[in-house]
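Topology and contacts: notes
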Amino acid sequence: MDFDDTPDEAVWRAEVRAFLEQHSGERPSDRDAARAWQAALYEAGFVGVAWPVEAGGLGGTLMQQAIVDQEMARLGLPALINLIGIGMCGPTVIVHGSDGQKERYLQRLLRADDLWCQLFSEPEAGSDLAGLRTRAVRDDDGGWRVTGQKVWTTLAHIADFGILLTRTDPDVPKHRGLTMFVVDMKAPGVTVRPLKQMNGEAHFNEVFFDDVAVPDAERLGEVGDGWRVALTTLMSERLSLGGGGTSIGPKPEAVARHVAERIGALSADRQVLARQQLGRGYVASLGARYTGYRQLSKLSRGELPGPEASAGKLSGTRSARDLTDLAVRVLGDDARVDGDTWQTMQAVLPGMAIAGGSDQVLRNIIGERVLGLPAEPRADKGVTFKESLA
Amino acid sequence: MDFDDTPDEAVWRAEVRAFLEQHSGERPSDRDAARAWQAALYEAGFVGVAWPVEAGGLGGTLMQQAIVDQEMARLGLPALINLIGIGMCGPTVIVHGSDGQKERYLQRLLRADDLWCQLFSEPEAGSDLAGLRTRAVRDDDGGWRVTGQKVWTTLAHIADFGILLTRTDPDVPKHRGLTMFVVDMKAPGVTVRPLKQMNGEAHFNEVFFDDVAVPDAERLGEVGDGWRVALTTLMSERLSLGGGGTSIGPKPEAVARHVAERIGALSADRQVLARQQLGRGYVASLGARYTGYRQLSKLSRGELPGPEASAGKLSGTRSARDLTDLAVRVLGDDARVDGDTWQTMQAVLPGMAIAGGSDQVLRNIIGERVLGLPAEPRADKGVTFKESLA
Amino acid sequence: MNFDLDQEHLDLAGGAREFLSAAASPAAARAALEEGTGVRPGRAELVKSGFATITVPESAGGGGGSVLQLAVVAEQAGRVLAGPSLVNFARAAVLLDGDADRLAGLADGSLGVAVVDDSGPVLDAIGADTFLALRDGALVCGPGAVTAREPIDPTRGLGDVALDETTVLVRDAGERWQRAERVGRTILAAEGLGAAARLLEMGVAYAKDRHAFGRPIGSYQAIKHMLVDVYVEVEQLRSLVWWAAWAAGHAPGELPLAAAAAKAAAATTLEHAAETVIQVHGGIGFTWEHDAHLYWRRAKVDRFLLGDDVAAFDEVARLAMEAAS
Amino acid sequence: MNFDLDQEHLDLAGGAREFLSAAASPAAARAALEEGTGVRPGRAELVKSGFATITVPESAGGGGGSVLQLAVVAEQAGRVLAGPSLVNFARAAVLLDGDADRLAGLADGSLGVAVVDDSGPVLDAIGADTFLALRDGALVCGPGAVTAREPIDPTRGLGDVALDETTVLVRDAGERWQRAERVGRTILAAEGLGAAARLLEMGVAYAKDRHAFGRPIGSYQAIKHMLVDVYVEVEQLRSLVWWAAWAAGHAPGELPLAAAAAKAAAATTLEHAAETVIQVHGGIGFTWEHDAHLYWRRAKVDRFLLGDDVAAFDEVARLAMEAAS
């Protein structure tokens, strides 16, 4: 056990830090600047660090990537604009894409030449993702026609491409009739509509597909194999969440700083309660953070990201709620934490609790796949998708 | 809406109070004295107040009974020794018993000439009560022979009779093969073994039946109709819990009194936290208490006790836990609340959380029968009991 | 003892529900948030309906009714996020007791009264023209300058109030002020009860309708038990609100504890209900178009009105210790 | 960075588990409760095994090992409710640093040391003959009169200690005392981790085995999710314990926060685990014959040792604010 950098890691950290500190004045102010910033980082060798060289990456280690992430967080730099592409879409293309697809997409993705989104969830298919209804049907030319609706799609309004999970066969059980595609988001028939959240912002979109043509060459994996391809995406998501959910909600250090600034203005009684609340939220955050480090250590030894990673998400939403509530109670409504008003911070939490798997779904996953508890009897087992709609 | 007594109620309360205050010096010190105390109360007309006259009762109202209970609680008098008989066994005999059974048992029960217990739960049948295994088989004389084991039986070690739920037909689905009996607890083949709880006391017993003869005349209800008979017992239990679970755990007033005595010795910080904890526990207790009053008002208008009554139990265990925890934190381990050490109080809570339905079972009942949410698919539906064991 | 609404109360609730569900709605609250349109039904309509001034004496043109009657109406107002709150009407009726002119103004709508507490923004300051406050133990009255707050829940009309010249109405008004505050807490809790009960209905309906993995999500214990916990809290809140409202009229000695308990329970129950029901709805629950967040906003604001939950729990504890020793 | 146990630690854990699971058990804890028999393995056996004195220097006859190594052993001790606790050994090794004679006595078992805190009963006072305390900033040592406490968890040997004549060992020992207390909190948390992890295993095993309504109770979300919540807490506690134990050796600046966080998490996690697992077991879980209550007793006592959870959370908050500003 050693929390310190290895000599190699220390060298790498110094390199990363030097570059970032030199450039951290240039915070991207708009979308083009954000693309340019990612491109510059890519050219410097700090994007796709752990991707294989043949995919346009650096062939480095996950720990090196984690060091880049840590240093960016340390300087308060925003996440890369193509984060979903890097964390979820790209890895799926790497594993399941044809040579042509890899050639066409991967390097451009890392350089933010193309932005990517992920088109899985549907209005009638949330936790039960495999119940999705968007249909892809063969056309006369051997290509496909896609019709349906996706939802909760981050970045769809600016994305160039998306990975799209569709139903190609409704006459088999639901997990077996799915096929994955790369879809051109600028193709005719694709309509994107922003979805306003309760905090008034629109981080997500609805995406409508109306008889959209998708060439067969843009299929990712075999026909009917879409569920397995989607599992690659979801596993990559876990990998990219290496921090174990600690990116959810306000940073505990930021809350501690603001409480420290304001606590003197509170009554003695309220100071006691504020410290208890801060202590509880802080311990939960530290627990999630160090558990994330343990996972990262495992991953960097080459272990596959397991269902344990869901635990960080689960506890992260709870400590985020507690810390935000504290901020609201202590800070007054004129305060900002990391630039957000408390109203915004609070209103974004319910969404975070659901995105990436509801608490209920995550608890099922951990209960069944980590603790080995038996699954519930499934009402939809062995039923074809079509029958399940009846 | 009127919280005050009606004129009739006020007269009754005065009568009850006068009698109790006159006799409250004579706290029963042993079992015989407890029987004598119940008998004296019965002769005075304060036991079985709401039972029909032909069952040996007073034919009074539930509100009159509640007033007796309130006045007894006010003077800190202990519960009647035959409480289970009065609350659960007797009402079952009243509804389902033969004339002979009513004649033989009911008045003696109210007078504590006979003590009663209830023999339902089994080691392998807790929440899933209908899965019980104790067999009753016809013998050559048309009577029955009972073999099996019951558990969690309060008072079994001193009871004269019990109501006993048995399986008489394993070849039909589990709810349909049950039959209820009155069993003589002194009959040959009945063995009672006390079951020590985690707090070191033995409030419960295991009861073993080894080929115990039960005459057919002691059957309660029809053969195979035992589940319906048991539902009468459980509904009577709810009725007797009219207070809505407020009898669980320490009385909030008692905790408040002890906190008031001790809080001055705490640091200012701890005083703040103690008041928060007391406030929260106290509000929960008041909420449960006044919800109990609403139920009592409904019952006294003649409504049947519904599944809502379970809500009091559910919240009662939680506020009991919070208040006990506070007592532990504030009072120090030399303190007594209502005569109990904090150790005893704490150690008795897990048992209370389970007796009378686990939190999980109660939530299912309320969810399905009050809120109308759909039941889970049942793995054991339409399966005979025998098959379910395979 | 009979702890249940009488037929008179049930009829009143029915009437209030009919009026309020036509005159206000979550959709109106959303519009207020989006476009800054006024709250519905608005002060004038509420006064005209007679529901707002139930506790003003008949001699002054009010309903001459009880706090319990007003609480029954307030529950219905909470269900549809009606504004302005009935709290100021309830408090003003107590504070202005004996002041026939101002009571008449309250009852005929010519006075738009808001009560100014010492800390935090003032409920329904927006749209009020006459402010009541406690200054050096005296009840004072006067106009004031209102600075609107960021409208987290626009139906609450929060603003900071700087009082102009004030008139002393009652010297040594401490007890009167406290009673008014407690009646106000009771009515606030009644509005919270209505909002929480409505949230629960929304959650239960969705849980019956929405399917996942081949069955309604309400059949899963995780969802079912969450909703049951809300149900239990809502029913206990209902008991506490009724008790407090009844005590205001019949057992003034019980009002302090009952009102503090009802306020505390309302704060925690409404917040818990809102967060649970959003969670039950999954993604759709945190969209702008869904009603859930409008109730959630109400929860986040109401929690801090008339003292927050922490203050209310502290008061309950102090009163409980006092009574017990 | 590599945040994981090394092979050396895994081997050590295996050895400790082998020794401790043979030498101690919940059954032994029950016997201690019923008959007042001594705790197992008992002080002499623990010393003889070498596990208790891992952090005593080799020159004094100890293991010359790290706090992390001792924490790995302590987890195994917690699993089987072994007694006496390793906490006093850990604290004494820090407090007696440089005192070759007494360290040798600690290592060869001729000294039975317990550390006396200012408040609350003393851990493993029963069976100790030499007491260390902080008096006016100085570390003192001496014999004492022990009054046994009611044995809620008999394996904790709680007693009140009245010190007799004491010798001053170190003047101005404030910092040393604090470090020892923090190391002690870390080891206490490690024992709590072991107990909580063992409870979780018991709960999971029972939930797989026990059937209700035709399927294992662990297939119901209510039971499954309760156990998952305990799992998440146990894994986070594990991370905090390892971090604190590592910091004791390699990052003394992080030890105060890490030790307070580990102590707080251990208190809440062990209690939550015990109550959940009793609940999962239904009736059988609160019988005397079942092991669950022996762990529950440990939880109820440990919560208050070396400062309670409230004090630890307060300290975390103060340290966090200090670091952030």
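None of these values were measured; they are calculated from a predicted model.

Each value, and the rule that gives it
- Numbering of residues begins from 1 in every chain and follows the order in which that chain's sequence is written.
- Both sets of labels track the order of writing: A upward for chains, 1 upward for ligands.
- Given that this is a predicted model, residues contribute local features only at a pLDDT of at least 70 and side-chain atom pairs are listed and counted only at 80 or more, while totals for whole chains, interfaces and linings are drawn from all residues.
- Excluding hydrogens and water, the side-chain values take into account all heavy atoms of the structure.
- Whether two residues are in contact is decided by their heavy atoms: any pair within 4.5 Å suffices.
- What counts as buried area is the accessible surface, traced by a 1.4 Å probe, that two parts surrender upon association, with contributions from both included.
- By definition here, a salt bridge exists when the distance from a side-chain nitrogen of Lys or Arg to a carboxyl oxygen of Asp or Glu is within 4 Å.
- In the analysis that follows, any N or O atom pair within 3.5 Å is treated as a polar contact, provided that within protein one partner can donate a hydrogen and the other can accept it, and provided that, for residues neighboring in sequence, both atoms belong to side chains.
- Put simply, Ala, Val, Leu, Ile, Met, Phe, Trp, Tyr, Cys and Pro go in the nonpolar bin, Asp, Glu, Lys and Arg in the charged bin, and everything else, Gly too, in the polar bin.
- Ring pairs are drawn from Phe, Tyr and Trp, using the six-membered ring of Trp, whenever the two centres fall within 6.5 Å, and their geometry is named by plane angle: stacked under 30 degrees, edge-to-face over 60, tilted for the rest.
- Think of it this way: any DSSP run of H or I at least four residues long counts as a helix, any run of E at least two long counts as a strand, and we number them from the N terminus.
- Between buried and exposed lies partly exposed: a residue is buried under 20% and exposed over 50% of the maximum accessible area for its type, with that area taken using a 1.4 Å probe on protein chains only.
- A ring is scored as having a charge over it whenever the NZ atom of a lysine or the CZ atom of an arginine sits within 6 Å of its centre and within 35 degrees of its normal.
- For the least-squares superposition of copies, only C-alpha atoms count, and only for residues with pLDDT at least 70 in both.
- Here, nonpolar core refers to any group of buried Ala, Val, Leu, Ile, Met, Phe, Trp, Tyr and Cys residues whose side-chain atoms link them within 4.5 Å.
- Axis angles are defined between N-to-C directions and span 0 to 180 degrees, where every axis is a line fitted to C-alpha atoms and, for a helix, only to the segment in contact.
- Put simply, angles under 35 degrees are roughly parallel, angles over 145 are roughly antiparallel, angles from 65 to 115 are roughly perpendicular, and the rest are oblique.
- Less than a right angle of anticlockwise turn of the near helix away from the far helix marks a crossing as left-handed, whereas a clockwise turn marks it as right-handed.
- UniProt positions are given in the numbering used here, feature names are shortened, and annotations may be inferred rather than shown by experiment.
- Strand pairing is assigned whenever DSSP identifies at least 2 bridges connecting the two strands.

**Let's talk about the interface of chain D and chain C**
- With four residues of chain D in contact, the opposing surface of chain C contributes four residues.
- Note on chain D versus chain C: buried area summed over both sides is about 330 Å², and carbon and sulfur give 51% of it.
- Looking at the side of chain D facing chain C, the largest losses of area belong to Tyr220(D), Gln221(D) and Ala222(D), adding up to 87% of the total buried there.
- The tally of links between chain D and chain C comes to zero salt bridges.
- Our count for the chain D to chain C interface comes out at three residue pairs in polar contact (both at pLDDT 80 or more).
- Class assignment of the residues belonging to the side of chain D that touches chain C gives a composition of two nonpolar, two polar and no charged.

**So, the packing of aromatic side chains**
- Tallying each qualifying case throughout the model produces 34 aromatic pairs over all chains.
- Ring geometry for Trp116(A) against Phe161(A): centres 5.5 Å apart, planes inclined by 35°, an arrangement best described as tilted. You can see Trp116(A) sitting in strand S1 (residues 116-119) and its partner Phe161(A) sitting in strand S4 (residues 161-167), a full 45 residues away along the chain. Judged on exposure class, the residue Trp116(A) and its partner Phe161(A) are both buried.
- Through pairs of rings, three or more aromatic residues link up here, namely Phe3(A), Tyr290(A), Tyr293(A), Phe3(D), Trp242(D), Trp243(D) and Trp246(D).
- For the cation-ring pair, Arg294(A) lies above Trp242(D), with the distance from its terminal atom to the ring centre recorded as 4.9 Å.

**Quick word on the relation of the copies chain D and chain C**
- Mapping chain D onto chain C leaves a residual RMSD of 0.0 Å; the transformation is a rotation of 180° accompanied by 0.0 Å of translation along its axis. The symmetry that links the two subunits is that of a two-fold axis.
- A share of 100% of interface residues in chain D that are also interface residues in chain C marks the association as one of identical surfaces.

**Some remarks on the nonpolar core**
- Counting residues in hydrophobic clusters, the biggest one holds 152 residues, and the most contacted among them are Leu278(A) and Leu86(D).
- No other element matches helix H8 (residues 221-250) of chain D, which puts 18 residues into this core.
- In this structure Leu86(D) touches Leu46(D), Ala52(D), Leu70(D), Val73(D), Ala74(D), Ala77(D), Ile187(D) and Glu191(D), once residues within four positions along its chain are discounted.
- Of all hydrophobic cores here, the second largest spans 151 residues; its members include Ala256(B), Val115(C), Leu193(C) and Trp242(C).

**Some thoughts on the packing of helix H8 (residues 221-250) of chain C against helix H9 (residues 255-281) of chain C**
Residues and elements named next belong to chain C.
- The geometry of H8 relative to H9 is characterised by a closest axis approach of 8 Å and an angle of 155° between their N-to-C directions. Here H8 lies roughly antiparallel to H9, going by the angle between them. Remark: the crossing between H8 and H9 carries left-handed chirality.

**A few points about the UniProt feature "domain: Acyl-CoA oxidase/dehydrogenase middle" (unreviewed entry) in chain A**
- Mapped onto the present numbering, the UniProt feature "domain: Acyl-CoA oxidase/dehydrogenase middle" (unreviewed entry) falls at residues 117-212 of chain A.
- Summarising residues 117-212 of chain A: 0% helix, 46% strand, and an end-to-end C-alpha distance of 17 Å.

**Comments concerning the UniProt feature "domain: Acyl-CoA dehydrogenase/oxidase N-terminal" (unreviewed entry) in chain C**
- Cross-referencing UniProt, the feature "domain: Acyl-CoA dehydrogenase/oxidase N-terminal" (unreviewed entry) maps to residues 7-87 of chain C in the present numbering.
- Annotated as 59% helix and 0% strand, the span residues 7-87 of chain C places its first and last C-alpha atoms 24 Å apart.

**What to know about the sheet that holds strand S2 (residues 130-135) of chain C**
Residue and element names in this part refer to chain C.
- The four strands are arranged S1-S2-S3-S6 in an open sheet whose pairing can be described as mixed. Sheet topology places strand S1 (113-115) and strand S6 (167-170) at the edges, where each strand pairs with a single neighbour. Across the sheet, the mean angle separating the axes of adjacent strands is 35° when strand polarity is ignored.
- As paired elements, strand S3 (residues 138-142) and S6 share three bridges and run antiparallel to each other. Paired with Leu 139 across the bridge in S6 is Val 170.
- Where helix H5 (residues 87-95) meets the sheet, its contacts fall on S1, S2 and S3, and the angle it forms with S1 comes to roughly 85°.

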